[in-house]
Amino acid sequence: MNMIITNTLTVALMLAAPHPYARAQAAPAGAPPAPIRFEDATAGSGIDAVMTSGKLPSTQIVEVKGGGLALIDFDGDGDMDIFMPNGATLADPEHGPGARLFENLGALKFRDVSERMGARPTRWAFGCAAGDYDGDGRDDLYICCFGADILLKNMGGGRFTDVTAQAGLGDPAWSTSAGFADLDMDGDLDLFVVNYLDFDRSMPPPPASFKGMQVMAGPRGLPARADILYENRGDGTFRDVSESAGIRKALPGYGLNLAVVDFDADGRLDVFVANDSEQNSLFMNRTEPGGPLRFEERGMSSGIATNIDGAGQATMGIAIGDVDGNGRPDVFTTNFSSDTNTLHLNLDGKFFDDRTAQFGLGAPSRPLLGWAASFDDLDHDGAEDLVVFNGHVYPQATKVAMDSDYQQPPLVMRRAGARFEVVTDPGAGLRGAHRDRTAVFNDLDSDGDVDIVVGELNGPLRVLRNMHDQSHDWIKVRLRGPTPATSHGTGAWVELSTRTPAPRVLAKRWIWAGGPFQSTASTEVQFGVPDSWKDLQLEVRWPIVKGPAGFAPHSEVKYPVTPGSTVEFVHP
């Protein structure tokens, strides 16, 4: 209790003074920004799939989280394909309609190649992660399930095989999200799995009460499950090091999501875990190069575990961006209705500060229940905007009964000066009320702007095209490398700067594991480039990784770079 009070008072005192970087990431002055507009391009896209998760109306907590999505270049052709693990029903959680895989053909057209996958799981699945766990140059898939998780090895040619048992995986706990990343800096991808709770479908818990109404029970009152850290042995197998690495020192939480990012810029990847209805966890990486995995849990002591009131929240979605322009990754999270979404600024790599109200992100989110979220420069004015997808968990939710409707529209916010403002008309693609849950964000049609695929609870996937109409006001960055740890640059940061009239950083992005919600963050970096930005330079810094000269980070600069181009960096 004393810790919470002290943290709250400290934050309150810090809020009294303006943040020194509060305006650094504001959109530059000049011509008015282009409108943020999306159209629904699902019809004719080739994506025709319904995301199954129980039945409507939902009656138990296992039915309300929805499924996941993954961006994966399974065929190695340079663009991102779409994988949906899909769910099932309480009547038969082992035999749902099955996973779906869509090959990107370009121009926002996809081909359904699900039938040729070979191993096509039907178990009730939630989130997923993509990464080359065995170093064969092809990205594989880890699927989080209600039941034993599944590892699919990419055999090439669009075929996958189930290698869960051979890899030493298959924990039976209900897992929700996962991320591949090189946490011990040895060049291969380790695996962090976020677990939720114990749910026995044969003995479901009795109903609970919310705002005077009878609703489904959970998560409170149900046993939470501890998260799991798997070390990659480098031979195609994993071992559970959760205890020895310090993950089990944290109390088990109702985990829903994660972000694997180097929060303190020491070259080692840390893990933020979003927990439902309680404080969040922050595992700071203390692993010594060449030594065993070791983490220190610093959620409460860093200030990121709770909001400004010292309260744990029902955290779902995660977005990572440099909101205040101090060069460090800030954390935005989505939460339950009658609460607000939360922005934690990363002050110095050690401490975080809830600045939700300062940036105008609180009040617009209060009547909404948020899920997937992402920072992206949607209008190419140089500042990242924000999209949040929403939908309530209780079918009986209405504004009158619960201050929040069951189906809800997306929340789209443009960066305007030192704050964010609601975009009232973001186009037909981002209008209308849905039961949205998961989403992935990427330039899927290779025209320089960020498109979206969104998954709705027991509803069709939607493909949303960004209608930004300028063709040369962007720069994209791809990272490559010879090892699984460097192949997509997971954990790296990319910085865009100008040399004119004096050297100045313009924007910074991170490539991180985890995703918007039960999904994967894009490994391709995008910058909007307004006309006022000239004489541009890119710098990339990879995290520490073992190489011929030992353990070291690697950085590289490219100058000049031209708007309207894709720049590739290759780790040696």
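Residues numbered from 1 in each chain as written. Predicted model: local features only at pLDDT ≥ 70, side-chain atom pairs only at ≥ 80, totals over all residues. Heavy atoms only, no water.

Participant: What exactly am I supposed to notice about the overall build of the protein chain here?
Facilitator: Assigned secondary structure in the protein chain consists of four helices and 38 strands. The dimensions of the protein chain, computed from C-alpha atoms along their principal axes, are 70 × 55 × 55 Å. Across the 572 residues that make up the protein chain, the buried fraction comes to 62%. Taking the intrachain contacts of the protein chain between residues at least 6 apart in sequence as the baseline, contacts between residues at least 24 apart amount to 62%. The distance from the centre of the 49 positive side-chain charges to the centre of the 77 negative ones in the protein chain is 2 Å. (Helix = DSSP H or I, 4+ residues; strand = E, 2+ residues; numbered from the N terminus. Buried < 20%, exposed > 50% of the residue type's maximum accessible area, 1.4 Å probe, protein only. Contact = heavy atoms within 4.5 Å. Lys, Arg positive; Asp, Glu negative; His and termini not counted. Charge placed at Lys NZ, Arg CZ, Asp CG, Glu CD.)

Participant: Where do I start with the sheet that holds strand S38 (residues 565-570) in this structure?
Facilitator: Hydrogen bonds between backbone atoms are what pair the strands of a sheet, whose relative direction is either parallel or antiparallel. Strand order in this open sheet of three strands is S35-S31-S38, and the pairing throughout is mixed. Every interior strand has two partners, whereas the edge strands, strand S35 (525-528) and S38, have only one. When strand polarity is set aside, the average angle formed by the axes of neighbouring strands in this sheet is 20°. (Pairing = 2+ DSSP bridges. Axes fitted to C-alpha atoms, helices over the stretch in contact; angles between N-to-C directions.)

Participant: Would you take a moment to explain the environment of Leu293 for this structure?
Facilitator: By secondary structure assignment, the location of Leu293 is in the loop between strand S18 (281-285) and strand S19 (295-297). On the basis of relative accessibility, which here comes to 6%, the residue Leu293 falls in the buried class. In this structure the C-alpha to C-alpha distance between Leu293 and Asp79, which are 214 residues apart in sequence, comes to 33 Å. Discounting residues that sit within four places of it in the chain, Leu293 has contacts with Leu183, Asp184, Leu229, Glu231, Val241, Ser244, Ala245 and Thr287.

Participant: Teacher, can you tell me more about the packing of aromatic side chains here?
Facilitator: The description of an aromatic ring pair uses the distance of the two centres, along with the angle that the planes make with each other. Per the stated rule, a full pass over the model turns up 17 aromatic pairs. Their ring planes at 10° and their centres at 6.2 Å tell us that Trp124 and Phe126 sit as a pair that is stacked. Each of the two residues, Trp124 as well as Phe126, counts as buried. Residues Trp371 and Phe517 carry aromatic rings whose centres are separated by 5.1 Å and whose planes lie at 65° to one another, so their mutual orientation is edge-to-face. (Phe/Tyr/Trp six-rings, centres within 6.5 Å; stacked < 30°, edge-to-face > 60°.)

Participant: What am I meant to see in the pattern of salt bridges here?
Facilitator: Pairing between side chains becomes possible if they bear opposite charge and their charged atoms approach one another. Considering all chains together, one arrives at 30 salt bridges under this definition. Between Asp276 and Lys65 there is a salt bridge whose closest N-O contact spans 3.2 Å. Highlighted residues: Asp276 in the loop between strand S17 (270-275) and S18 and Lys65 in the loop between strand S1 (38-40) and strand S2 (70-72), separated in sequence by 211 residues. Its relative accessible area of 4% is what places Asp276 among the buried residues. (Salt bridge = Lys/Arg side-chain N within 4 Å of Asp/Glu carboxyl O.)

Participant: Would you mind showing me how to read the side chain of Asp73 here?
Facilitator: Locating Asp73 in the fold gives a position in the loop between S2 and strand S3 (81-84). One buried charged residue, Asp73, forms no salt bridge at all, with the nearest opposite charge on Arg480 at 5.7 Å. For Asp73, the side chain forms a polar contact with the main-chain nitrogen of Asp77, separated by 3.1 Å. A polar side-chain atom of Asp73 sits 2.9 Å from the main-chain amide nitrogen of Gly78. (Polar contact = N/O pair within 3.5 Å; in protein donor to acceptor, adjacent residues only side chain to side chain.)

Participant: Looking at this structure, I do not really get the environment of Val525. What am I missing?
Facilitator: Within the element layout of this structure, Val525 appears in strand S35. Note on Val525: relative accessible area 5%, which makes it buried. In this view, Val525 contacts Ile475, Lys476, Val477, Val494, Arg509 and Ile511; residues no more than four positions away in its chain are not counted.

Participant: How do you make sense of the sheet that holds strand S28 (residues 436-442) when you look at a structure like this?
Facilitator: What the four strands build is an open sheet, ordered S1-S30-S29-S28; its pairing is antiparallel. Across the chains shown, the open sheet's two edge strands, defined by having one partner strand only, are S1 and S28. Geometrically, the sheet is characterised by an average inter-axis angle of 25° between neighbouring strands, direction not taken into account.

Participant: Can you help me understand the nonpolar core in this one?
Facilitator: In this structure, Ile61, Val62, Trp174, Leu197, Phe199, Phe389 and Tyr394 are the most contacted members of the largest nonpolar core, which totals 45 residues. Elements supplying a minimum of two residues to this core: strand S24 (370-376), strand S25 (385-390), S28 and strand S29 (451-456). The contact partners of Tyr394, leaving out residues within four places of it in the chain, are Phe210, Val215, Met216, Phe336, Met402 and Tyr406. Core analysis: the second largest hydrophobic core is formed by 20 residues, Val477, Leu506, Ala507 and Phe569 among them. (Core = buried A, V, L, I, M, F, W, Y, C linked by side-chain atoms within 4.5 Å.)

Participant: Which parts of the structure should I look at to understand the domain arrangement of the protein chain?
Facilitator: Often the size quoted for an interface is simply the accessible area lost on bringing the parts together. If you check the domain split of the protein chain, you get domain 1 (50-466) and domain 2 (474-570). In this assembly, 71 residues from domain 1 lie in contact with 35 residues from domain 2. Across the interface of domain 1 and domain 2, roughly 3700 Å² is buried in total on both sides, 57% from carbon and sulfur atoms. Applying the counting criterion to the domain 1 and domain 2 interface returns two salt bridges. The salt bridge involving Glu384 is made with Arg509; its shortest N-O contact spans 3.4 Å. On inspection of domain 1 and its partner domain 2, the count reaches 23 residue pairs in polar contact (both at pLDDT 80 or more). Tallied by class, the residues present in the side of domain 1 that touches domain 2 amount to 31 nonpolar, 22 polar and 18 charged. (Domains from an automatic or database assignment. Buried area = accessible area lost by both parts, 1.4 Å probe. Nonpolar A, V, L, I, M, F, W, Y, C, P; charged D, E, K, R; others polar.)

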